[in-house]
Amino acid sequence: MSGISQDAVEKYLEGHPRFAKEYFDKKLRVEALAEIFKNCQEKVQASMSFPELTQVEESALCLELLWAVAQEEAGGADVAVHRVLQRLAQLLQADRCSMFLCRSRNGIPEVASKLLDVTPTSKFEDNLVAPDREVVFPLDTGIVGWAAHTKKAVNVPDVKKNTHFSDFMDKQTGYVTRNLLATPVVMGKEVLAVVMAINKANASEFSKQDEEVFHKYINFVSVVLKFQHTNYLYSVESRRSQILMWSANKVFEELTDVERQFHKALYTVRAYLNCERYSIGLLDMTKEKEFYDEWPVKLGEVEPYKGPKTPDGREIIFYKIIDYILHGKEEIQVIPTPPADHWTLVSGLPTYVAENGFICNMLNAPADEYFTFQKGPVDETGWVIKNVLSLPIVNKKEDIVGVATFYNRKDGKPFDEHDEHITETLTQFLGWSLLNTDTYDRMNKLENRKDIAQEMLMNHTKATEEEIKSILKFQEKLKIDVLEDCEEKQLVTILKEELPDPKAVDLYEFRFSDFPITEHELIKCGLRLFFEINVVEKFKVPVEVLTRWMYTVRKGYRAVTYHNWRHGFNVGQTMFTLLMTGKLKKYYTDLEAFAMLAAAFCHDIDHRGTNNLYQMKSTSPLAKLHGTSILERHHLEYSKTLLQDESLNIFQNLNKRQFETVIHLFEIAIIATDLALYFKKRTMFQKIVDACEQMQTEEEAIKYVTIDPTKKEIIMAMMMTACDLSAITKPWEVQSQVALLVASEFWEQGDLERTVLQQQPIPMMDRNKKDELPKLQVGFIDFVCTFVYKEFSRFHTEITPMLNGLQNNRVEWKSLADEYDAKVKVMEEVQTQEEGHVNGKAAQDSGGGGDDRKSKTCLML
């Protein structure tokens, strides 16, 4: 053996390569390789290409890469992939390698740069692309996108000849791409990434052998990315399940209020949302405006709303923003009625989402040209918007009830499709949970309606047959026992005979007084008014139904001090007088006049003798059922309920469209009696009066009013106010008595407030201040009433008697108020003199010395 030299062995092995290969395969154990290369990784030179590697060196390289994969948790997946790309660049003699991650945003797949320009000697920090510097391609752009789309590897010898090549990156960096290798990393049906090797260094293209090496070593990248993706999916599903569990737990704790329900759920799941901040914008769910809010628009005084609307046609109005701050110190900010320039709304994204119902996932949002995100800090914390994910909150009716917007993933990465799925799951659940709140709300309303209906039934029933016979005396005059056997013409004749002469009882006069007339006779007077405006025959109103309706309306008024049947009739009579004597009928059709007169009779039906404020303070069922104009809406509902009974429906022979018109006029007329709305409509009415004054002929004024339904509605609403307040215009002997009735009812409410609600009533309701009634009346006339009758007198001089009556009564009330003030002044002077006398006597008793410091209290005692 000593005769064999090293040179001889090397010469033999070189001459017999097959033998050498078989020998090393059999004799060199894996353990020995591990020992050799355990701490000697530098044996594989950085300049070696794959053909120059021996099996031992390749084994050392594989061991190195496996070691990098094993260290993934310590250094991160990106570090391990970077190591593999470095070696790939070396083995393939490529100028550089890159990796693009595949993801999806807004339902659109895309590729984004993750590691760029990796060379055998480049540093990881230099090659890692920060989230805010990502280059993003859709799958229809570039060879990278094509590889992700087809899920196939590509070898492009000359990129200029490839139709899928995009020179976007080259233009950005100044680099020139000549040839490349690209392959997707696939997990199941999902593409995780695309890896590229660019520009073969010592050849014009990558060879077949280069492709084999590329695919071989891409397996290391595949293992790393699949392991990372599996962990990420586990985290996603864990977060999703936690969000659903906690949301379900909280939404059923709060059923009474949407805001509280949303807040509890969203605050509880904040730890699982993986964002720095999120806000919830709650939308106004009002679909139709009140008629009095539409009048200024119809009159051209206010520009109609031209902004965006939700898919179901609602104006996009965010009535509240709830801002959850998770970065730094946790905080919750609630912004009611947020201004349009609030940082959450100023970009326009929440409005866009509410308008279109889209999910919007935005990368580097401040750079977007369509939306105007704030580029600097939004508040004093210095927090800046980077990436944004915004989603609609949709209920089971598919109405958008709000918008949830999430800002800046905590790891700095943009929101991906999994974030979209998680947040969409949350918003869908919240939207669907509104069914509980809606059901609870409906249940409460039904309960309140039931209570009100029971109360109505216990207090009122419709007119009985005997009551009808007391007016419609068919048995006595026709000798017929059953009303149904009578002909309509016969009933009309005998009814007219029973009704009073309108001139004999002053039904056409503004000075009319109900005091000499019994309540039963007032029913007959009311029936007479319908005949006077010629609607009974024209609209084929059965006199039996008309009689029953009028008697039932009379019974519908409670026996309260002022808002009783007498007041209801007086309002109806004044409406008739305005139409006929005041000549306002010329602006309205017979059907409209019919509806206006009927609504006037019903305007305060079932009044309780207390006002809207008392209903709210006492949390009555009415207040729970109706949010605004509480009593007026109840009067309206009561009136409509009567018409639902065919035996009480005086409009039963109208067609559908006519009946809808009547109901619409009922709504306007009755709700308009709410004095809280008076100040909204008076300016609009004044402008109509001003315009009519400028017109030369009556025909011109009639045309100006009648051509526009809105103007007619405004005048009608103001007529209802004039009718409701008409007692203030009656002759003094009538007005003084009515004023005491009104005051007595107010004092009764004050007594209830003091005893039941344990509250001090306002002076107007306080019977202890009843001596101030004249002064209060003068203030009421000046502040509320004068405008109404002054403008109507300008509008139609025939209505001037009402203004004259008002002014006469003001003189009377002012005289009484002055007398009272004079008495009060005298009493105050007497009291002052008495106090001075007592103080002087006390000073004398004390010796008159100014330096006496004895207690004055003791002296008085």
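For clarity, every value in this text was computed on a predicted model and none was experimentally measured. All chains use their own residue numbering, which begins from 1 and follows the written sequence. It should be noted that, the model being predicted, local features are given only for residues of pLDDT at least 70 and side-chain atom pairs only at 80 or more, the latter also being counted only at that level, while totals for whole chains, interfaces and linings use all residues. To get the side-chain values, take all heavy atoms of the structure and skip hydrogens and water.

### With respect to helix H19 (residues 543-556)
Along its 14 residues, H19 runs 19 Å from first to last C-alpha, staying within 8% of the 20 Å computed at 1.5 Å per residue. Here's how the labels work: a residue is buried when its accessible area is under 20% of the maximum for its type, exposed when over 50%, partly exposed in between, all with a 1.4 Å probe on protein chains only. Counting from the N terminus, the helices are DSSP H or I runs at least four residues long and the strands are E runs at least two residues long. When you tally the buried positions in H19, you get 13 out of 14 residues, the bulk of the element. One less than the number of residues in a helix, times 1.5 Å, gives the span that helix is expected to have.

### Things to note about the nonpolar core
Counting 125 residues, the largest nonpolar core has Phe530, Trp549, Ile650, Met719, Tyr789 and Phe792 as the members making the most contacts within it. With 11 residues, helix H21 (residues 590-602) is the largest single contributor of residues to this core. Only heavy atoms enter the contact rule, under which two residues are in contact if any of them lie within 4.5 Å. Setting aside anything within four residues of it in sequence, one finds phenylalanine 792 in contact with Leu584, Phe685, Ile715, Met718, Met719, Ala722 and Ile799. We define the nonpolar core as a collection of buried residues of types Ala, Val, Leu, Ile, Met, Phe, Trp, Tyr and Cys that are connected through side-chain atoms lying within 4.5 Å of one another. Of all hydrophobic cores here, the second largest spans 30 residues; its members include Ala89, Cys97, Val221 and Leu225.

### Re the pairing of strand S1 (residues 94-105)
Counting buried positions along S1 yields 10 of 12 residues, so the element is predominantly enclosed. Two strands form a pair only when DSSP identifies at least two bridges running between them. Where S1 and strand S6 (residues 190-200) come together, seven bridges link them in antiparallel fashion. Looking at the pairing, alanine 94 lines up with lysine 200 of S6. Sheet analysis places S1 next to strand S2 (residues 108-118), joined by eight bridges and oriented antiparallel. Bridging from a neighbouring strand, arginine 103 pairs with glutamate 110 of S2. The turn joining S1 and S2, which pair antiparallel and follow one another in sequence, is formed by two residues; a positive phi near 55 degrees is taken by asparagine 106.

### Section: the packing of H21 against helix H25 (residues 656-671)
Look at H21 against H25: their axes get within 9 Å of each other, and the N-to-C directions meet at 45 degrees. One element, H21, and the other, H25, form an angle in the oblique class. Crossing hand, H21 versus H25: right-handed. Across from Leu591, Glu592, Ala595, Ala598, Ala599 and Cys602 in H21, the residues of H25 making contact are Gln658, Val662, Leu665, Phe666, Ala669 and Ile670. Axes here refer to lines fitted to C-alpha atoms; in helices the fit is confined to the stretch in contact. Angles between the N-to-C directions go from 0 to 180 degrees. Here the angle decides the label: under 35 degrees means roughly parallel, over 145 means roughly antiparallel, 65 to 115 means roughly perpendicular, and every other value means oblique. Two helices crossing with the near one rotated counterclockwise from the far one by less than a right angle form a left-handed crossing, whereas a clockwise rotation gives a right-handed crossing.

### A short note on the packing of aromatic side chains
Any two aromatic rings considered together are summarised by their centre-to-centre distance and by the angle between their planes. Centres within 6.5 Å make a pair out of two Phe, Tyr or Trp rings, where for Trp the six-membered ring is used; the pair is then stacked when the planes are under 30 degrees apart, edge-to-face when over 60, and tilted otherwise. Counted according to the given criterion, the structure contains 33 aromatic pairs. An angle of 55 degrees between the planes, with centres 5.7 Å apart, marks the rings of phenylalanine 512 and phenylalanine 569 as tilted. Highlighted residues: phenylalanine 512 in the loop between helix H17 (488-498) and helix H18 (519-532) and phenylalanine 569 in helix H20 (residues 565-580), separated in sequence by 57 residues. The burial state of phenylalanine 512 is the same as that of phenylalanine 569; both residues are buried. Both rings, one in phenylalanine 685 and one in phenylalanine 792, keep their centres 4.8 Å apart while their planes meet at 45 degrees; by these two values the pair is tilted. Residue phenylalanine 685 is located in helix H26 (residues 678-693), and its partner phenylalanine 792 is located in helix H30 (residues 773-795); the two are separated by 107 residues in the primary sequence. Take phenylalanine 792: its relative accessible area is 0%, and that puts it in the buried class.

### Let's talk about a nonpolar patch on the surface
Residues qualify for a patch when their relative accessible area is over 30% and they have no salt bridge, like charges being joined within 9 Å and the nonpolar side chains of Val, Leu, Ile, Met, Phe, Trp and Tyr within 5 Å. Note on areas: Shrake-Rupley with a 1.4 Å probe; residue coverage comes only from the protein chains shown. Any Lys or Arg side-chain nitrogen found within 4 Å of a carboxyl oxygen on Asp or Glu counts as a salt bridge. Together, Tyr267, Ile332 and Val334 give the surface a local cluster of nonpolar side chains, amounting to about 230 Å² of exposed area. Assignment of secondary structure puts tyrosine 267 in helix H11 (residues 258-268). For tyrosine 267, a relative accessible area of 32% corresponds to the partly exposed category.

### As for the sheet that holds strand S7 (residues 275-283)
With antiparallel pairing, the six strands of this open sheet are ordered in space as S9-S8-S7-S12-S11-S10. Each end of this open sheet is capped by a strand with a single partner; those strands are strand S9 (331-336) and strand S10 (360-362). Strand-to-strand twist across the sheet, computed as the mean angle between neighbouring axes with direction ignored, equals 15 degrees. As paired strands, S7 and strand S8 (residues 318-325) are joined by seven bridges and run antiparallel to one another. Bridge pairing in S8 places glycine 281 opposite isoleucine 321. Against the sheet, helix H13 (residues 349-356) contacts S7, S8, S10, strand S11 (388-394) and strand S12 (400-409), and its axis sits at roughly 135 degrees relative to S12.

### Side note on the sheet that holds strand S4 (residues 154-156)
What the six strands build is an open sheet, ordered S3-S2-S1-S6-S5-S4; its pairing is antiparallel. The open sheet has two free edges, formed respectively by strand S3 (136-138) and S4, since each of these has just one partner strand. Averaged over all pairs of adjacent strands, the angle between strand axes in this sheet comes to 25 degrees, irrespective of strand direction. Sheet topology note: the S2/S3 ladder contains three bridges and is antiparallel. Of the residues in S3, the one forming a bridge with valine 111 is phenylalanine 137. Running over the sheet, helix H6 (residues 77-91) touches S1, S2 and S6 and is turned about 65 degrees from S2. Docked against the sheet, helix H8 (residues 142-150) engages S1, S2, S3, S4, strand S5 (180-187) and S6, running at close to 140 degrees with respect to S6.

### With respect to unusual backbone geometry
If you check the backbone angles, asparagine 408 has positive phi at about 60 degrees while not being a glycine. Of note, asparagine 408 is situated in strand S12. For asparagine 408, a relative accessible area of 2% gives the class buried. Positioned with a positive phi, aspartate 606 is a non-glycine residue whose angle comes to about 65 degrees. Under the relative-accessibility criterion, aspartate 606 is labelled buried at 0%.

### Focus on the confidence of the model for the protein
Each residue gets a pLDDT score, which is the predictor's confidence in that residue and runs from 0 to 100. Considering every residue of the protein, the mean pLDDT works out to 86; 89% of them sit at 70 or more. Contacts from residues 29-48, a stretch scored under 50 in pLDDT, to residues over four places away or in other chains number 25 contacts.

### Quick notes on the packing of H21 against helix H28 (residues 709-724)
The contact between H21 and H28 brings their axes to 11 Å, and the two run at 30 degrees. With respect to H28, the element H21 is oriented roughly parallel. The interaxial crossing formed by H21 with H28 has right-handed handedness. Taken together, the residues of H28 that come into contact with H21 (itself represented by Glu592, Met596, Ala599 and Ala600) are Lys712, Met716, Met719 and Met720. Under the scheme applied here, ten amino acids are nonpolar (Ala, Val, Leu, Ile, Met, Phe, Trp, Tyr, Cys and Pro), four are charged (Asp, Glu, Lys and Arg), and all others, including Gly, are polar. A class-by-class count of the residues in the contact of H21 with H28 yields six nonpolar, no polar and two charged.

### Examining the pattern of salt bridges
With the rule as written, the count across this model stands at 55 salt bridges. Of the charged contacts, one joins lysine 586 and glutamate 698 as a salt bridge, the two residues approaching to 2.8 Å between their closest N and O atoms. Placement of the pair is lysine 586 in the loop between H20 and H21 and glutamate 698 in helix H27 (residues 698-706), with a sequence separation of 112 residues. A relative accessible area of 31% means that lysine 586 is categorised as partly exposed. Among the residues examined, glutamate 698 registers a relative accessible area of 45% and is labelled partly exposed. Note that arginine 810 is salt-bridged to aspartate 782, the shortest N-O span being 2.7 Å. Here the residue arginine 810 occupies a position in helix H31 (residues 800-845), and aspartate 782 occupies one in helix H30, the gap between them amounting to 28 residues.

### Quick look at the environment of alanine 669
Note on placement: alanine 669 falls in helix H25. Judged by its relative accessible area of 0%, alanine 669 falls in the buried class. The spatial distance from the C-alpha of alanine 669 to the C-alpha of isoleucine 714 is 9.6 Å, given a sequence separation of 45 residues. The contact partners of alanine 669, leaving out residues within four places of it in the chain, are Ala599, Met716 and Met720.

### A short note on the environment of aspartate 514
For aspartate 514, the location among the structural elements is in the loop between H17 and H18. On the basis of relative accessible area, aspartate 514 is assigned to the buried category, the value being 5%. A C-alpha to C-alpha distance of 7.3 Å links aspartate 514 and asparagine 570, two positions 56 residues apart in sequence. Sequence-distant contacts of aspartate 514, that is, excluding residues within four places in its chain, are made with Leu522, Arg566 and Asn570.

### So, the environment of serine 639
Among the secondary structure elements, serine 639 is positioned in helix H24 (residues 630-644). Overall, serine 639 belongs to the buried group, its relative accessible area being 1%. Remark: the alpha-carbon pair of serine 639 and aspartate 606, spanning 33 residues in sequence, is separated by 9.7 Å. In contact with serine 639, other than residues within four places in its own chain, are Cys602, Ile605, Phe666 and Ile670.

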